[in-house]
Amino acid sequence: MSEAWWHQPVRVFQHLLRERDAIGLDPAALIDEAKAMSADAYLSMGAGFSTWYPTALSSQQVNPHLQGDFLGTVIDAAHRRGLRAIVRVDISKGRADWLTRDPDWFTRDVDGAPRLIWEMPQTCATGAFWQREAFAMLDEMLARYRIDGFFFNYLNVGRCHCARCEAVVRAATGAAVPQSGERTPGYERWRQDYLAAFFTRVRDFVHASAPGTALIPYHHLRDGWSYRTMAGIADIVSAQCSNPVVVNPIDPQPQWTHWAAEEALLARAVKPGVAPMLVHSGSAFFASRQTAIPGDRLVRSLIQGAAHGAPPMPAINGRLALDDPRAVAAMRDFARFHARNARWYRDLTSLARIAVLRSQDSIDWGPDGGRAAGDARVHGHVAEFRGVYEMITALRYPCDLLPDGGVTREELARYAVVVLPAVSCLSDDDAAALDAYVSGGGVVIATGDFGACDGDGRRRTRAVLSALPALPGAPRSLGGAYFRLVYPELQEILGGIPHVGADGAFWSPALADSEGDLRVVGPFSNNAPEFTIVEGAGTDPGLIGRRHDAGRAWWLPWRIGALHHHFAIPEYPAVLGHLLAQVVGAPPIRTAAPPAVECILYAHRDGELLHLINNAALQSKPYIATIALAGFDVAVTSRAVRARRLDSDMPVTLRRDGNEIWFRLDRLDTFAAIALCADSES
Ligand SMILES: [Zn+2]
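These numbers were taken from a predicted model, which means no experiment stands behind them. (Residues numbered from 1 in each chain as written. Predicted model: local features only at pLDDT ≥ 70, side-chain atom pairs only at ≥ 80, totals over all residues. Heavy atoms only, no water.)

**Student:** I'd like a description of the nonpolar core, backed by residues and values.
**Tutor:** Core analysis: the largest hydrophobic core is formed by 148 residues, its most contacted members being Ile91, Met141, Phe150, Phe152, Ile392 and Phe483. No other element matches helix α6 (residues 185-209), which puts 9 residues into this core. Look past the residues within four positions of Met141 in its chain and what remains in contact with it is Ala47, Tyr53, Leu71, Val87, Val89, Ile147 and Phe150. Core analysis: the next-biggest nonpolar cluster, separate from the first, contains 29 residues, Leu434, Tyr437, Val464 and Ile544 among them. (Core = buried A, V, L, I, M, F, W, Y, C linked by side-chain atoms within 4.5 Å. Buried < 20%, exposed > 50% of the residue type's maximum accessible area, 1.4 Å probe, protein only. Helix = DSSP H or I, 4+ residues; strand = E, 2+ residues; numbered from the N terminus. Contact = heavy atoms within 4.5 Å.)

The structure is reproduced here in structure tokens:
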């Protein structure tokens, strides 16, 4: 059997059409616009509360402005022009008047009132709309059209207090559906399992009649998702990384520099060989959709995803001739660039020997309280994870990400070191895989209150890892304290200084058979300058190391990542880099470029692909427009004999020095994409 189409990366283009856009619309013109965007797949408006074909089902509302069979025509036009046709389906909401006609299709508050999403009633997952009508929709479309994929928008199980849901949840969890604002592990796991079981049925149903049709579940926050489980069911992983300037006011999304990289790397981990569909919306405001995102900001995000193997997937509201079309040219030019260099953007092989665990359990049940962007008042896993990723990136190490909830020893074995950033909640299964990894010679670096709770946030009474056999205990504050530097090598890296500043929460795990550095001095309760004499060898270590079987474990029982994420403390990457270098040696990239320049390096069958991305922005302001940087030298460990700029005609002159090649970049605008060619022909 030939390989499914989604095993090749595709550039998807999506018009998020308003219903009124259907007036006088020639569907073939949309495919012209997708072609102009160098797309090889088109994501079309399709089915659900706004249906774009003449359905015979009363469970769908045909767009009142629809003329003819939009969906059939657009699919034909796409296929004629060589594009795949993916259909957008939304079963999360219904029309207001369906509430009176089919009241038990919809979710209910505890007092019986319907729950609304954007003024539309939210559908109940246990009701007939999901259980029967969703399948009827798919059946009808599959009978009429040749569809290459279904994109399920806003797919999650909404909280519902209807009698049916209450009974189902009680039977499964032994408890009622939690009140609004309350989250419980039992209910959240039920939601995840219910969604996974439902979508498995959807996938099997579609594949039974159309095996070449891809199933793509999507929710912008993955609310109520088990990431690994849903990725296992999906044919293609999809996620949002739009990074609007003004984030979603209802459920704040992560406004963060490495969002596209994070999503691309997570997808690589769970679905190797299938490029993800990362949605980049063309909006500057999450809520005011029709305002264009600044072009440079969009391109910076697109290239970051592409550098990790995720093709561009812009989504624009309406047609290309928008009332605010300012981002369109940047989108089009970027897609053309990507299409022109498609062969360099496929089959990228990770060079990472470092992995970082992303712990959804810690986000859900730790201090972040389930917030996608973390809790600004309390540092949890989100800030720690981001800071650790930023430090590793600034140190110029390639790094992979591993989602929690099903980590295996085999997947860990690819890495020399695995970083566990404030993984306060860790399941027994993930812990067993980590222990086996360390026993077999692996190295882990844990930070913060590692292993304080199990995967459901229940306090542990025994240490979770044999490699780090202690609980973190209770924290104390290090505001006004110092870390005394003991190891001469680390002191030397830091220019011979005696100590570095400390802050935030600090734990003191009682680890036997361990060694330590970064001994705490203080905190000083009298911080008057007349009395701040930093004396003594220090007490508890802020860096604890211990051997375990063939491997090794380190614990930094404070929030090195979160402190760096928020304050950019320059000594902290040096501390982390000192540990990493002992395990994996020097990074494969060396450059005098500022930390604002992000380097992404992958192996390719013809050599390597290097990206230099300019993340420079005004202090304390989001990235709006590129601030060009003056030149710098770059050294890369590489077998290249020749280099070629993919994004411009600028020549790149290589100089070899041992196993490194050197070149100079005279100026960096938004990004530079450089093919490092292993032979003179490629
Ligand atoms: Zn219900």
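More follows now that the structure is in view.
**Student:** An account of helix α12 (residues 381-394) is needed here, citing residue identities and associated values.
**Tutor:** With 14 residues, α12 extends 19 Å between its outermost C-alpha atoms, agreeing within 8% with the 20 Å of an ideal straight helix rising 1.5 Å per residue. Counting buried residues along α12, 13 of its 14 residues qualify, which places the element largely inside the surrounding structure. Where α12 terminates, the next one or two residues include Arg396, which has phi positive at roughly 75 degrees. (Expected span 1.5 Å × (residues − 1).)

**Student:** Help me get a handle on the packing of aromatic side chains, residues and values and all.
**Tutor:** In total, this model carries 23 aromatic pairs according to the counting rule given. Judged by centre distance (4.5 Å) and plane angle (40 degrees), the ring pair of Phe483 and Trp558 falls under tilted. A residue pair is termed long-range when its members are at least 10 positions apart, and Phe483 in strand β17 (residues 481-484) and Trp558 in the loop between β22 (551-556) and α16 (560-567) qualify at 75 residues. Comparing Phe483 with Trp558, the two get one shared label, buried. An aromatic cluster is built from Trp130, Phe135, Phe198 and Phe205, whose rings are joined through pairwise contacts. If you follow Lys93 out to its NZ or CZ, it ends over the ring of Tyr154, 4.4 Å from the centre. (Phe/Tyr/Trp six-rings, centres within 6.5 Å; stacked < 30°, edge-to-face > 60°. Lys NZ or Arg CZ within 6 Å of the ring centre and 35° of its normal.)

**Student:** Tell me about the coordination of the zinc ion, and please be specific about residues and values.
**Tutor:** Taken together, the protein ligands of the zinc ion are Cys124 (SG), Cys160 (SG), Cys162 (SG) and Cys165 (SG), with distances of 2.3 Å. Each of the 4 donor atoms bound to the zinc ion contributes to angles spanning 93 to 121 degrees, and the resulting shape is tetrahedral. (Donors = N, O, S within 2.8 Å, 3.2 Å for Na, K, Ca; no water. Tetrahedral: all angles 85-135°; square planar, octahedral: opposite > 155°, others 65-115°.)

**Student:** Go over the environment of Ala36 with me, naming the residues and quoting the values.
**Tutor:** On the secondary structure map, Ala36 appears in helix α1 (residues 27-36). Distance from Ala36 to Arg519, taken between C-alpha atoms, is 60 Å for residues 483 residues apart in sequence. In this structure Ala36 touches Arg332 and Arg336, once residues within four positions along its chain are discounted.

**Student:** Explain the packing of α12 against helix α17 (residues 571-584) to me, using residue names and the numbers behind them.
**Tutor:** Where α12 contacts α17, the axes come no closer than 10 Å and their chain directions differ by 70 degrees. Classified by the interaxial angle, the pair formed by α12 and α17 is roughly perpendicular. Between α12, through Val388, Met391 and Ile392, and α17, the contact on the second element is made entirely by Tyr572, Pro573, Leu576 and Leu580. Here the contact of α12 with α17 is composed, by residue class, of 7 nonpolar, no polar and no charged. (Axes fitted to C-alpha atoms, helices over the stretch in contact; angles between N-to-C directions. Parallel < 35°, antiparallel > 145°, perpendicular 65-115°, else oblique. Nonpolar A, V, L, I, M, F, W, Y, C, P; charged D, E, K, R; others polar.)

**Student:** Describe the pairing of strand β24 (residues 597-604), and please don't skip the residues or the numbers.
**Tutor:** Summarising burial for β24: 8 of the 8 residues are buried, a large majority. The alternating pattern of β24 places Val597, Cys599, Leu601 and Ala603 on one face and Glu598, Ile600, Tyr602 and His604 on the opposite face, and all of these are buried. Relative to β24, strand β11 (residues 349-350) is paired through 2 bridges, and the arrangement is antiparallel. Paired with Ser350 across the two strands is Tyr602, which belongs to β24. With 8 bridges joining them, β24 and strand β25 (residues 607-614) adopt antiparallel strand pairing. Counterpart to Glu598 in the pairing with β25 is Ile613. Hairpin remark: β24 followed by β25, antiparallel, with 2 residues in the connecting loop. (Pairing = 2+ DSSP bridges.)

**Student:** Go over the sheet that holds strand β15 (residues 443-447), please, and point to the residues and values.
**Tutor:** Spatial ordering of the open sheet is given by β13-β12-β14-β15-β22-β21-β20-β17-β18, a layout of 9 strands whose pairing is mixed. The sheet terminates laterally at β13 (399-403) and β18 (499-502), the two strands that pair on one side only. Geometrically, the sheet is characterised by an average inter-axis angle of 20 degrees between neighbouring strands, direction not taken into account. As defined by bridge partners, strand β12 (residues 354-358) adjoins β13 across 5 bridges and the pair is classed as parallel. Bridging across to β13, Ala355 finds its partner in Asp400.

**Student:** Describe the side chain of Ser362, and please don't skip the residues or the numbers.
**Tutor:** Along the chain, Ser362 falls in helix α11 (residues 360-365). Residue Ser362 is classed as buried on the basis of its relative accessible area, which comes to 0%.

**Student:** Before we move on, can you summarise the environment of Asp549 with the specific residues and values?
**Tutor:** With respect to the helices, strands and loops of the structure, Asp549 is situated in the loop between β21 (541-548) and β22. Between the C-alpha atoms of Asp549 and Ser466, which are 83 residues apart in sequence, the distance is 9.9 Å. Separated by 2.8 Å, the side chains of Asp549 and Ser439 make a polar contact. (Polar contact = N/O pair within 3.5 Å; in protein donor to acceptor, adjacent residues only side chain to side chain.)

**Student:** So what's going on with the sheet that holds strand β23 (residues 589-591)? Which residues, and what values?
**Tutor:** Spatial strand order, β23-β26-β29-β28: 4 strands in an open sheet with antiparallel pairing. Edge positions in the sheet fall to β23 and β28 (655-657), since each has one partner strand and no second. For this sheet, the mean angle separating the axes of adjacent strands, direction not counted, is 30 degrees. As paired elements, β28 and strand β29 (residues 660-668) share 3 bridges and run antiparallel to each other. Each residue of the ladder has a partner; that of Asp657, found in β29, is Glu660.

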